[in-house]
Amino acid sequence: MNQQSTKKYDFLSRAFHWVTAIVVISAFVLGPGDFGQIMRDGIDPATRGDIVWHESLGIFVFVMTVLRLLWVACRPPVSHTKMPSWMQVTGTLVHVVLWILLLAVPTTALLSLGTESHPLTLLWGVQVDKLNVLATSSIAKLVDWGDVHKFLGDVIVWVASIHAAAAIFHHLILKDGVLSAMLPYKWFR
Ligand code: HEM
Ligand code: HEM
């Protein structure tokens, strides 16, 4: 499996991938432990830069993921590195889990804000109150959406870390070009 020539992902796929990775990690870092409670205590979220940035970056991830999935559906097929089928299947499964989490983490955040009647508060003073119609809906009583969001926010970072470790293993041990296919240039080849 040494040094096979691997077709790189196209420019747009690579750009989407790395911008998403940076923004997800930034949103995670800006997820202050107590801010659900701060909002329940009645603070105006617009006065908290960490809340505004967390919500804005998270919404950006959602919009980018929708655009990215549209691109995945239309892009030219990527010729993947040859590897044992169990490895191929596991890799694909991890990608599917990441795609689901990229959509589910922001969605559960919106459900959390709506069911607790908090506004969505974004950069440049944008505030959306309309989500609070969810507070009287049946989904409000299903679960504590804030807890689900916090849990999935941690899970996406764990799964992405395992995924990144696998990519580094491919690069350093299997030397099969999987990581280079996603890097901007022919780094480390
Ligand atoms: C990829 C995107 C996101 C990630 C990785 C993420 C991650 C997290 C994490 C880990 C926490 C818990 C912080 C802690 O307790 O230590 C959290 C809380 C929270 N996040 Fe996000 N988040 C994302 C997107 C969003 C979006 C889009 C919004 C708003 C629309 C949002 C709103 C909130 C709120 C309101 C809480 C507090 C929940 C509560 O305590 O009830 N997040 N987030
Ligand atoms: C939050 C962080 C991350 C997320 C959400 C994420 C998500 C994804 C997704 C959804 C794909 C499929 C892309 C497509 O088909 O266009 C992918 C591919 C890939 N990612 Fe990540 N990723 C993250 C971080 C990383 C990091 C840090 C590395 C490297 C150290 C990495 C290396 C790769 C590689 C090499 C591929 C291509 C794998 C293949 O062709 O089988 N990713 N990633």
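That block above? That's the structure.
Residues numbered from 1 in each chain as written. Chains lettered and ligands numbered in written order. Predicted model: local features only at pLDDT ≥ 70, side-chain atom pairs only at ≥ 80, totals over all residues. Heavy atoms only, no water.

Caption draft 1: Molecular detail of the coordination of the iron atom of ligand 1. Protein coordination at the iron atom of ligand 1 comes from His-54 (NE2) and His-149 (NE2), with a distance range of 2.0 Å. Angles of 87 to 180 degrees at the metal separate the six donor atoms of the iron atom of ligand 1, which places the site in the octahedral class. Of this pair, His-54 sits in helix α3 (residues 49-74) while His-149 sits in helix α5 (residues 145-174); the two residues are 95 residues apart in sequence, bridging distant segments of the chain. An identical accessibility class is assigned to His-54 and His-149; each is buried. (Donors = N, O, S within 2.8 Å, 3.2 Å for Na, K, Ca; no water. Tetrahedral: all angles 85-135°; square planar, octahedral: opposite > 155°, others 65-115°. Helix = DSSP H or I, 4+ residues; strand = E, 2+ residues; numbered from the N terminus. Buried < 20%, exposed > 50% of the residue type's maximum accessible area, 1.4 Å probe, protein only.)

Caption draft 2: Spotlight on the site of ligand 1. Residues in contact with ligand 1 amount to 21 residues; listed here are only the nearest, Gly-31, Phe-35, Gly-36, His-54 and His-149. Contacts to ligand 1 include Arg-40, whose side-chain N or O atom sits 3.4 Å from an oxygen atom. With respect to ligand 1, the side chain of His-149 contributes an N or O atom lying 2.8 Å from a nitrogen atom. Listed by contribution, the elements that provide at least two residues to the shell around ligand 1 are α2 (35-40), α3, α4 (85-115) and α5. With five residues, the top contributor of residues to the shell around ligand 1 is α5. (Near = heavy atom within 4 Å. Polar contact = N/O pair within 3.5 Å; in protein donor to acceptor, adjacent residues only side chain to side chain.)

Caption draft 3: View of helix α1 (residues 11-29). With 19 residues, α1 ought to run about 27 Å at 1.5 Å a step, and its terminal C-alpha atoms sit 27 Å apart, in line with that. When we look at burial in α1, the residues that qualify are Ser-13, Arg-14, Phe-16, His-17, Thr-20, Val-23, Val-24 and Ala-27. Buried residues in α1 make contact with α3, α4 and α5. Its side-chain oxygen placed 3.2 Å from the backbone nitrogen of Leu-12, Asp-10 serves as the N-cap of α1. (Expected span 1.5 Å × (residues − 1). Contact = heavy atoms within 4.5 Å.)

Caption draft 4: Main features of α5. Helix length check: α5 (30 residues) gives 41 Å between terminal C-alpha atoms against 44 Å at 1.5 Å per residue, within 8%. When we look at burial in α5, the residues that qualify are Trp-145, Gly-146, His-149, Leu-152, Gly-153, Ile-156, Val-157, Val-159, Ala-167, His-170, His-171 and Leu-174. Where α5 is buried, its residues contact α1, α3 and α4. The backbone nitrogen of Gly-146 has a side-chain oxygen 2.9 Å away, supplied by the residue at the start of α5, namely Asp-144. Looking one or two residues past α5, Lys-175 carries a phi angle of roughly 45 degrees, positive in sign.

Caption draft 5: Main features of the pattern of salt bridges. Applying the stated criterion across every chain, the model contains two salt bridges. Among the salt bridges present, the one from Arg-40 reaches Glu-116, with a minimum N-O distance of 2.9 Å. Of the two residues, Arg-40 sits in helix α2 while Glu-116 sits in the loop between α4 and β1 (120-121), which places them 76 residues apart along the sequence. Close ionic contact of Arg-48 with Asp-50 constitutes a salt bridge, the shortest N to O distance being 2.6 Å. Taking the relative accessible area as the measure of exposure, Asp-50 reaches 22% and is therefore partly exposed. (Salt bridge = Lys/Arg side-chain N within 4 Å of Asp/Glu carboxyl O.)

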